[in-house]
Amino acid sequence: MHQSTGIRTLRTIGGWLVVAAFFFPIYFWTSVAFRNSKDIFNWPPKFFVFEPTVKNFEQVFGVSLGFGAAEAVTPGGGNFYMAPRLWDSIVVASMSTVLAIIVATLAAYSLSRMNFRGRHEFVNWVLSTRMMPPVAVAIPMFFIFKQFSLLDTYLGVILIHGLMNLPLAVLLLKSFFDDIPSEIDESALLDGASRWTIFRRIVLPMAKGGIAATAVLCFIFSWTEFLFVLTLTQTNLKTVPVVSSTFVTSIGTAWGNMAALGAASIVPAFIVILLVQRHLVRGLTMGSLKQ
Amino acid sequence: MAVTQVKRIAISDSPIPWLLPLVCLLVVFTIYPLIYNVWLSFHEFVPKKRTLKFVGMANWVQLWNDTRFWSALGVTFLYFFIALVFEIILGMAIAMLLDAELPGFGMLRATLSMTLVIPPAIAGMMFLLMEDPQFGVLPYLLNTMGLLDKSTPILATSSLALAGVLVAEIWQWTPFMVLIFMAGLRSLPAEPYEAAMIDGASSFQMFRRLTLPMMSKVIAVAVLLRGIDLFRVFDYVFVMTSGGPGTATYTVSLYAWQQTFSFLKWGYGATLSLVSLVMVMIMANIFIKVFKVRW
């Protein structure tokens, strides 16, 4: 549609203003990570002008960046170096992603290629597991984990995050496999190749991009998950979102350190947007909308 | 040789080996918790003896008479509807605004979607800081605009606390709607619009008669996926208000969690989570049937 220059200008200004409003909290949060407490607790709040410092990062990560001594923050009295917690997040998110992708590619291939009775119902069942409220899973899982000594272990959290991401991974991968023409499979079948060979040699390589996008989305859902980690871990491991909630204590909140942690946790957000921007909509809707 | 060949194809053509790992894991993740929750809802934990005791229907009777549960259900529905309405309207408006090839708009769309991959618990903490009555940015802005007295603590005032939490929710998830609606707008055919232009239709008429009906499937998918998440809201209320002040922001998920893990009412917590699960299932399935959403 043709639009006049006036409307285009208005639209440009409107677009920038709206996105600036949405971006502001991210900017503000990141800026707090670089502030001294006097600039954090100032009234009126300081939006743009403050004295920058990396003290908060040094304290949270327990490293000296050469601007003074690094001390660990101790809300509630514990040692709070964050590096191990970031490591926990990375291990849990990557291992659970591997689990979800392996199981889901197998299932998605057969759901995309094989015609069997009840296939549609099966897809609906997979989708319906996505509707379980996490709290309805976390309560029984707490007790079964207790029985099998899985509470507070990497294996336990990896399993539960992998399971949590299965419906997303299956439906999304199915939609990527559906995009690959099935004539390729059929002619290979006629040539005597087995389903397994076709899957490994033809379909997997062709769906590489889609599988990578699915993996990145699984990673981020595990990275941001809160309730399961809160419920199923105690001291051995904690992921970043759960640690963030422990910064509020009876003696006050370490906002600067909190913000430093928050800013560090936003880094994966930047990376993900760069990696899967093209597939983001498809991922968020589990492939029900194709872009 | 030929026989094994045929046999191999026959075996590998059955979907069972392909689906088996998935089925096993999903049974552990869905069927087992469901049965366990049902079983637990007829029991209660006795802290002194550290055992479970069969209590029959007691938890279900308690649920029926529990005003706290009904208030939590009310809060959950209120949160659900307000967030959904705001996210749909704002999402549609912003999607239509940004759906243009103007300088920098590609970058704007990418920036907007960043909110989606920030952990909700951290976004909640972020808004906790920004809504602080002593130094927060939001009270400052509202105070300057004359909308709210500076000394009013948003998250500690029962009439405002839910709004305070909803700000975080709507901030984080409106971009989700924007992205989905924008994908829908991209896929619309141009011909009906050209025809409508020739007939002299206004832009509002075109939106009402063409865009909305053609977008209905996209809107249905967005509402379904967001609705499922909204009904089980936990992260924001847990980190921002813990349900307070009073019961103003108590949601069913939070109530179930607290009953189980803070008050050790294992059976009652399971009952609450079961009710929440059944409600999501019923609502989502009706929605899927009515709006014919298909995967």
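Conventions and cut-offs
- Residues numbered from 1 in each chain as written.
- Chains lettered and ligands numbered in written order.
- Predicted model: local features only at pLDDT ≥ 70, side-chain atom pairs only at ≥ 80, totals over all residues.
- Heavy atoms only, no water.
- UniProt positions renumbered as here; feature names shortened; annotations may be inferred.
- Helix = DSSP H or I, 4+ residues; strand = E, 2+ residues; numbered from the N terminus.
- Buried < 20%, exposed > 50% of the residue type's maximum accessible area, 1.4 Å probe, protein only.
- Contact = heavy atoms within 4.5 Å.
- Areas by Shrake-Rupley, 256 points an atom, 1.4 Å probe, with all protein chains shown as cover.
- Lys, Arg positive; Asp, Glu negative; His and termini not counted.
- Charge placed at Lys NZ, Arg CZ, Asp CG, Glu CD.
- Patch = residues over 30% accessible without salt bridge, like charges linked within 9 Å, V, L, I, M, F, W, Y side chains within 5 Å.
- Salt bridge = Lys/Arg side-chain N within 4 Å of Asp/Glu carboxyl O.
- pLDDT = per-residue confidence, 0-100.
- Pairing = 2+ DSSP bridges.
- Buried area = accessible area lost by both parts, 1.4 Å probe.
- Nonpolar A, V, L, I, M, F, W, Y, C, P; charged D, E, K, R; others polar.
- Axes fitted to C-alpha atoms, helices over the stretch in contact; angles between N-to-C directions.
- Parallel < 35°, antiparallel > 145°, perpendicular 65-115°, else oblique.
- Left-handed = near helix turned anticlockwise from the far one by under 90°.
- Polar contact = N/O pair within 3.5 Å; in protein donor to acceptor, adjacent residues only side chain to side chain.

Per an unreviewed UniProt entry, chain B goes by Multiple sugar transport system permease protein and derives from Pararhizobium capsulatum DSM 1112. Word for word, the UniProt comment on chain B under Subcellular location (unreviewed entry) is "Cell membrane". According to the UniProt record, the Sequence similarities (unreviewed entry) comment for chain B is "Belongs to the binding-protein-dependent transport system permease family."

As recorded in an unreviewed UniProt entry, chain A goes by the name Maltose/maltodextrin transport system permease protein MalG, listed as coming from Pararhizobium capsulatum DSM 1112. For the record of chain A, the UniProt heading Function (unreviewed entry) holds the text "Part of the ABC transporter complex MalEFGK involved in maltose/maltodextrin import. Probably responsible for the translocation of the substrate across the membrane." What the UniProt record of chain A gives under Sequence similarities (unreviewed entry) is the line "Belongs to the binding-protein-dependent transport system permease family. MalFG subfamily."

**Q** Quick one: what's the story with the overall build of chain A, residue by residue and with numbers?
**A** Counting its regular elements, chain A contains 14 helices and 2 strands. With respect to the principal axes defined by its C-alpha atoms, chain A has extents near 75 × 70 × 35 Å. Classification of the 291 residues of chain A by burial places 56% in the buried group. Counting contacts in chain A only where the partners sit at least 6 residues apart, residues at least 24 apart contribute 66% of the total. As presented, chain A carries roughly 12300 Å² of accessible surface, and 64% of it is formed by carbon and sulfur atoms. Between the mean site of the 21 positive side-chain charges and the mean site of the 14 negative ones, chain A shows a separation of 4 Å.

**Q** So what about a nonpolar patch on the surface? Which residues, and what values?
**A** Residues V278, I282, I286, V290 and F291 of chain B make up a contiguous nonpolar surface patch of roughly 470 Å² in combined accessible area. Tracing the chain through its elements places I282 of chain B in helix α14 (residues 266-291).

**Q** Describe in detail the UniProt feature "transmembrane region" (unreviewed entry) in chain B, supporting the description with residues and values.
**A** Residues and elements named next belong to chain B. Here the UniProt feature "transmembrane region" (unreviewed entry) sits at residues 18-39, 69-98, 110-130, 210-228 and 266-288. Secondary structure content for residues 18-39 is 100% helix and 0% strand, while the C-alpha to C-alpha distance between its ends is 32 Å. Along residues 110-130 one finds 71% helix and 0% strand; the C-alpha atoms at either end are 24 Å apart.

**Q** Would you mind going over the confidence of the model for chain A in detail, with residue names and values included?
**A** Residue and element names in this part refer to chain A. On average, residues of chain A score 86 in pLDDT, and 90% of them are at 70 or above. Highest mean pLDDT in chain A belongs to helix α7 (residues 154-178) (95); lowest belongs to strand β1 (residues 248-249) (71). Every residue in residues 75-79 scores below 50 in pLDDT, and together they form 7 contacts with partners more than four places removed in sequence or on other chains.

**Q** How would you sum up the side chain of S276 of chain B? Please name residues and give values.
**A** As for its position among the elements, S276 of chain B is in helix α14. Look at S276 of chain B and you get buried, because its relative accessible area is 1%. Beyond its immediate stretch of four places on either side in the chain, S276 of chain B contacts P133 of chain A together with F231 and V252 of chain B.

**Q** Summarise the environment of I184 of chain A; cite the residues concerned and give the values.
**A** Residue and element names in this part refer to chain A. Here I184 is to be found in helix α8 (residues 182-190). Judged by relative accessible area, which is 28%, I184 ranks as partly exposed. Separated by 77 residues in sequence, I184 and L261 have C-alpha atoms that sit 49 Å apart.

**Q** Any details on the pairing of strand β2 (residues 51-54) of chain B? Residues and values, ideally.
**A** Residue and element names in this part refer to chain B. Relative to β2, strand β1 (residues 43-46) runs antiparallel, the two being bridged by 4 bridges. In the strand pairing of β2, F45 is matched with L52. The antiparallel pairing of β1 with β2 creates a hairpin that spans 4 residues between the two strands, and R50 there sits at a positive phi of about 55 degrees.

**Q** Which residues make up the interface of chain B and chain A, and what values go with them?
**A** The interface is formed by 103 residues belonging to chain B together with 98 residues belonging to chain A. Here chain B meets chain A over a buried area of about 9300 Å², counting both sides, of which 82% is carbon and sulfur. Taken together, chain B and chain A are joined by 1 salt bridge. R130 of chain A serves as the salt-bridge partner of D229 of chain B, at 3.1 Å between the closest nitrogen and oxygen. Sorting elements by how many residues they give to the side of chain B that touches chain A places helix α2 (residues 16-40) of chain B first, with 17 residues. In terms of residue class, the side of chain B that touches chain A is made up of 75 nonpolar, 19 polar and 9 charged.

**Q** Quick rundown of the packing of helix α5 (residues 105-113) of chain B against helix α8 (residues 158-186) of chain B? Include the residues and the values.
**A** Residue and element names in this part refer to chain B. Viewed as axis vectors pointing N to C, α5 and α8 meet at an angle of 140 degrees, and their least axial separation amounts to 9 Å. For the element pair α5 / α8, the angle class is oblique. As α5 runs across α8, the sense of the crossing is left-handed. Every residue of α8 that contacts α5 at R109, L112 and S113 is listed here: P175, V178, L179, M182 and R186. A class-by-class count of the residues in the contact of α5 with α8 yields 5 nonpolar, 1 polar and 2 charged.

**Q** Talk me through the side chain of T111 of chain B; I want residue IDs and the actual numbers.
**A** Here T111 of chain B lies in helix α5. According to the relative accessible area criterion, T111 of chain B is buried, its value standing at 19%. In terms of polar contacts, T111 of chain B uses its side chain to reach the backbone carbonyl oxygen of M107 of chain B, at 2.8 Å. In this structure T111 of chain B touches V19 and F23 of chain A, once residues within four positions along its chain are discounted.

**Q** An account of the UniProt feature "domain: ABC transmembrane type-1" (unreviewed entry) in chain B is requested, with residue identities and associated values reported.
**A** Per the UniProt record, "domain: ABC transmembrane type-1" (unreviewed entry) is annotated on residues 73-287 of chain B. Taken end to end, residues 73-287 of chain B is 73% helix and 0% strand, and its first and last C-alpha atoms sit 20 Å apart.

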